[in-house]
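Overview (structure and organization)
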Amino acid sequence: MRTLLLCSILAASSAVAAPEILWDKYGVPHIFAATREQMFYAHGWAQAQAQGDLLLLLYGESRGRAAEYWGPSHLDLDRWVQLNDVPERAKTWYAAQDPTFRKYMDEFARGINDFASAHPDAIAAQYRVVLPVTGVDVVGHSLRAVHYMYMGSLERMRREVNAALRSREQARTIFPEIPDITPGSNTWAIGPPRSASGNPMLIINPHLAWGDTFYRYMEVHLVGPGYDLYGAPQIGFPTPVVGFNRRTGWGRTVNTIDTVDFYQLTVKGDQYEFDGHFHPFEQASKVLKIKQPDGSFAEEKLEILRSVQGPVVYNEKGLTVAMRVAGLDRPKMLEQWFRMGEAQNLTQFKDALKMMAVPMWNANYADADGHIMMVFDGLVPKRSTGDVKFWSTVVAGNTSKTMWTEYHSFDDLPKSIDPPSGFNQNVNEPPWFMTQPLLDSSKYPPYWSSTDIGASLFRAKRSLRLLTEGPKISYQQMLANKLSTRVEMADAVLPDLLKAAPDSEAKRVLANWDRSTETTSRGAVLFKTFADKYRIEAHLRVQFDPQHPLDSAYGLADPAAAVKALAAAAEECQKKYGKLDIPWGEVNRYASGNADLPADGGPPRLGIFRTIDFGKTVGNRNYATHGETFVCAIEFAAKQNAQCSLSYGNFSQPGSIHLEDQLPLMVEKKLHPVWRDRKEIEANLEKREKF
């Protein structure tokens, strides 16, 4: 009897200690673990289950061996990864981790490997070649994704080189022009002075690429000792990069920080000039393998030159350009995100940011104590010369005057803490607009950030209008505002356009339009076509005034030209769609898995807070390719009130119902409840896994 009792006690103890994943009906893994190591292990298992093919593709790319695994179409990326020494630096970064946190990376990788071993048919054979993965892969992928995709990307280098070549007499480019779709986002933090309930509230709303890309997010809920975070990592990351725990949370937006610079070198033979002297390039070579259609392998020798600034990323046509990337000496980026996620108050969150290992992104914070804070976060190089415009081009590399080696401290960064306005916000505009009154840009060196609001003009106006049109904001109003499809640009210019335009069907359609991009909105397609043909921002009758943002930037400076553009837009719409008042959702669509649904929302340039870019055209239909991804609305009440959604679903594995099950929420303009407590989760359970 005593033996049975002892066995029962041991079994119960074992059951409590075993990590467990409760998968809810939206495919969100809720991970409960007795140790943090177990929590990371189960998270790796969950990502492999939901995203296995994509995860291994991304890790193979981050090794710089994608062409070896999958053929010549991956060779350009391999060259870029290897040229920038990502595999070598991944090993250095891994060795530099705190031993405890390094163990977490190892456990995350072990969870991936164990899932793949236990479910050999769940991951496509072509991606299993990457297995097994290690903690080095985990660290190396985050390095590649942030420093050489978000920041120092191959596409950015090509744009810079094209610009440098255009500035020469021959005015030519060498690379095809690439659309500059900058990853963006919205974020709000609403403090007690503006909250109807007196509770702080937060909107998390990144806008990134849809589909199988390194930008893809996954909803996760991680519960372990001292940790209870609901958030979203990007695939292959072991830690959420946005999220909220029981007491604190943060959103992020791509900021206007300059973390990458390009240098034109003066070259003589195999040397480059620096401060009046010529120095030999550091030289190296690597051999890249390329898988051929017949399964054999070809090889390519990659010659690498390095200057004092960094690797030479372009060396043709008489132009030699080196690239310098901030943060390569800061290996604890993943740990910083983890510390942000465990912070229980403002002081602890600041302490996490002071690690200064995450090189970019605004951080917008709110907590249950009533604090809000926004920080223009990241690594701003200390420069001895130049303004934003100067550093946005290829600069002279023959002088130490353009060479930076240090960064500004956390205390130097522009920030807004508990502002009198009761809110912080950002839609990718410069930091000076994060709250009201504006931050004083004159207190910062001219290379920090432009004062030009740029392409964010109408979306920033829309954000400020939604935040300030009433004295207080309730949770439900905040959620409705977040999902608004009102077109701020239309409100700014339609009165002048309708006044100037002669009577026509196009005028009547726009006059009757609801100035939104709901699925049923008639006139939105015509207005977008008009806006594509007429650069409204450059032809405003009243220019933008930062001190009076909502009472400026409106009207048409040249109504006659605008009327001509409207006529051309009407002709195009009639030809393409057969009518001018075609509903927005017939033309613009959401698609994922087997779903193909009418879409709402629209391009950020139009000033739509519900931001969607429809970048893929099939016939006369445009499909969402960028925009609303992970969206959360949180109220830090006594019982936390939180809803989220992940537009394209929480799985990318082929055939999963979770490729498409959240798209109907998009169409209905809803988010799903966030279930944090075990009882709530089990009431909405899809399946349970124990280890």
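Let me sum up the structure you'll find in this document. Because the structure is a prediction, the values reported are computed rather than measured.

As for the state of the cysteines
In a disulfide, the sulfur atoms of two cysteines are held together by a covalent bond. With the rule as written, the count across this model stands at one disulfide. Across the disulfide, C632 is cross-linked to C644 (sulfur-sulfur distance 2.0 Å). Every disulfide takes its handedness from the sign of the S-S torsion; for C632 and C644 that torsion is 110°, giving right-handed. Residue C632 is located in strand β30 (residues 630–635), and its partner C644 is located in strand β31 (residues 641–646); the two are separated by 12 residues in the primary sequence. Each member of the pair, C632 together with C644, is buried.

Some thoughts on the sheet that holds strand β11 (residues 271–274)
The strand order across the open sheet formed by three strands is β10-β11-β12, and the pairing between neighbours is antiparallel. The sheet terminates laterally at β10 (267–268) and β12 (277–280), the two strands that pair on one side only. The pairing of β10 with β11 spans two bridges and is antiparallel. In the sheet register, K268 faces β11, and the bridge partner there is Q271.

A word on unusual backbone geometry
Of note, the bond from L131 into P132 is cis; its omega dihedral lies within 30 degrees of zero at -5°. With respect to the helices and strands, the residue P132 is situated in the loop between α7 (125–128) and α8 (135–151). With an omega dihedral of 0°, the bond running from Q436 to P437 counts as a cis peptide bond. By secondary structure assignment, the location of P437 is in the loop between β21 (423–426) and α13 (457–468). Unusually for a residue other than glycine, K317 sits at a positive phi of about 55°. Locating K317 in the fold gives a position in the loop between β15 (312–316) and β16 (319–325). Since its relative accessible area comes to 41%, K317 is described here as partly exposed.

Details of the pairing of strand β3 (residues 184–190)
Looking along a regular strand, one sees the side chains alternate between the two faces of the sheet. Across the seven residues that make up β3, a large majority, seven, are buried. Burial of the side chains of β3 extends over both faces: G184, N186, W188 and I190 are buried on one face and S185, T187 and A189 on the other. Of the strand pairs in this sheet, β3 and strand β4 (residues 201–209) are connected by seven bridges, and their pairing is antiparallel. Paired with G184 across the two strands is H207, which belongs to β4. Direction of pairing for β3 relative to β21: antiparallel, over a ladder of four bridges. Opposite I190, over in β21, you have F423 as the bridge partner.

Things to note about the pattern of salt bridges
Counting across every chain of the model gives 49 salt bridges. Its salt-bridge partner being R688, residue E20 comes within 3.0 Å of it at the nearest N-O pair. You can see E20 sitting in strand β1 (residues 20–24) and its partner R688 sitting in strand β33 (residues 685–690), a full 668 residues away along the chain. Overall, R688 belongs to the partly exposed group, its relative accessible area being 40%. Measuring nitrogen to oxygen at the nearest pair gives 2.7 Å for the salt bridge that ties K528 to D532. Taken together, the residues span about one helical turn, with K528 and D532 both in helix α17 (residues 524–533) at a distance of four residues. Note on K528: relative accessible area 24%, which makes it partly exposed. Through salt bridges with shared partners, one network takes in D85, E88, E282, K286 and R306.

Quick look at the packing of α8 against helix α10 (residues 333–342)
Interhelical geometry of α8 versus α10 gives an angle of 90° and a closest axis separation of 9 Å. Comparing their axes, α10 and α8 come out roughly perpendicular. On α10, the residues that touch V138, V139, S142, L143, V146 and H147 of α8 are M333, L334 and W337. Class assignment of the residues belonging to the contact of α8 with α10 gives a composition of seven nonpolar, two polar and no charged.

Side note on the packing of aromatic side chains
Tallied over the entire structure, the rule returns 37 aromatic pairs. Ring centres of Y227 and F338 lie 4.4 Å apart, and the angle between their planes is 15°; on these two criteria the pair is classed as stacked. Within this pair, whereas Y227 is found in strand β6 (residues 227–232), its partner F338 is found in helix α10, the two being separated by 111 residues in sequence. Y227 sits in the buried class, given a relative accessible area of 3%. Assessed through its relative accessible area of 1%, F338 is described here as buried. Ring geometry for F390 versus W391: centroids 5.3 Å apart, planes at 85°, classification edge-to-face. With relative accessibility at 3%, the residue W391 sits in the buried group. Aromatic ring contacts, followed pair by pair, group Y150, F214, Y215, F237, W337 and W361 into a single cluster. Cation over ring: R383 sits above W391, and NZ or CZ is 4.7 Å from the ring centre.

Brief notes about α13
Helix length check: α13, at 12 residues, gives a terminal C-alpha distance of 17 Å against a target of 16 Å (1.5 Å per residue), a fit within 8%. For α13, the tally of buried residues reaches 10 of 12 residues, placing the bulk of the element in the interior. Every buried residue belonging to α13 is among L457, F458, R459, A460, K461, R462, S463, L464, L466 and L467, and all of these are buried. Looking at the buried residues of α13, the elements they touch are β3, β4, β21, α14 (475–482), α15 (488–500) and β22 (540–542).

A word on the sheet that holds strand β7 (residues 242–244)
Judged by pairing direction, the sheet is mixed, and its 10 strands sit side by side in the order β20-β18-β17-β8-β7-β6-β5-β2-β1-β33 without closing on themselves. Either end of the sheet is taken by a strand with one partner, and the two such strands are β20 (415–417) and β33. Ignoring which end each strand starts from, the neighbouring axes of this sheet average 15° apart. Bridge count for β1 against strand β2 (residues 29–32) is four bridges, and the pairing is antiparallel. Within the sheet, the bridge partner assigned to E20 lies in β2 and is F32. Across the face of the sheet, helix α2 (residues 36–62) comes into contact with β1, β2, β5 (220–224), β6 and β33 while running at roughly 40° to β1. Along the sheet face, helix α11 (residues 346–353) touches β8 (248–253), β17 (362–367), β18 (372–375) and β20 and points at about 10° away from the line of β18.

Side note on the nonpolar core
Formed by 225 residues in total, the largest nonpolar core has its most connected members in F244, W337, F527, F530 and F630. In terms of residue count, the dominant contributor to this core is α2 (14 residues). With near-sequence residues (within four places) excluded, F527 lies in contact with V487, M489, A490, V493, L494, L510, W513, I536 and L606.

Quick word on the pairing of β1
Here β1 lies mainly inside the structure; five of its five residues are buried. The side-chain alternation of β1 yields two buried faces, one formed by E20, L22 and D24 and the other by I21 and W23. Here five bridges tie β1 to β33, and the two strands are oriented antiparallel to one another. Bridged to I21 within β33 is E689. The antiparallel pairing of β1 with β2 creates a hairpin that spans four residues between the two strands, and G27 there sits at a positive phi of about 75°.

Each value, and the rule that gives it
Residues numbered from 1 in each chain as written. Predicted model: local features only at pLDDT ≥ 70, side-chain atom pairs only at ≥ 80, totals over all residues. Heavy atoms only, no water. Disulfide = S-S within 2.5 Å. Helix = DSSP H or I, 4+ residues; strand = E, 2+ residues; numbered from the N terminus. Buried < 20%, exposed > 50% of the residue type's maximum accessible area, 1.4 Å probe, protein only. Pairing = 2+ DSSP bridges. Salt bridge = Lys/Arg side-chain N within 4 Å of Asp/Glu carboxyl O. Axes fitted to C-alpha atoms, helices over the stretch in contact; angles between N-to-C directions. Parallel < 35°, antiparallel > 145°, perpendicular 65-115°, else oblique. Contact = heavy atoms within 4.5 Å. Nonpolar A, V, L, I, M, F, W, Y, C, P; charged D, E, K, R; others polar. Phe/Tyr/Trp six-rings, centres within 6.5 Å; stacked < 30°, edge-to-face > 60°. Lys NZ or Arg CZ within 6 Å of the ring centre and 35° of its normal. Expected span 1.5 Å × (residues − 1). Core = buried A, V, L, I, M, F, W, Y, C linked by side-chain atoms within 4.5 Å.

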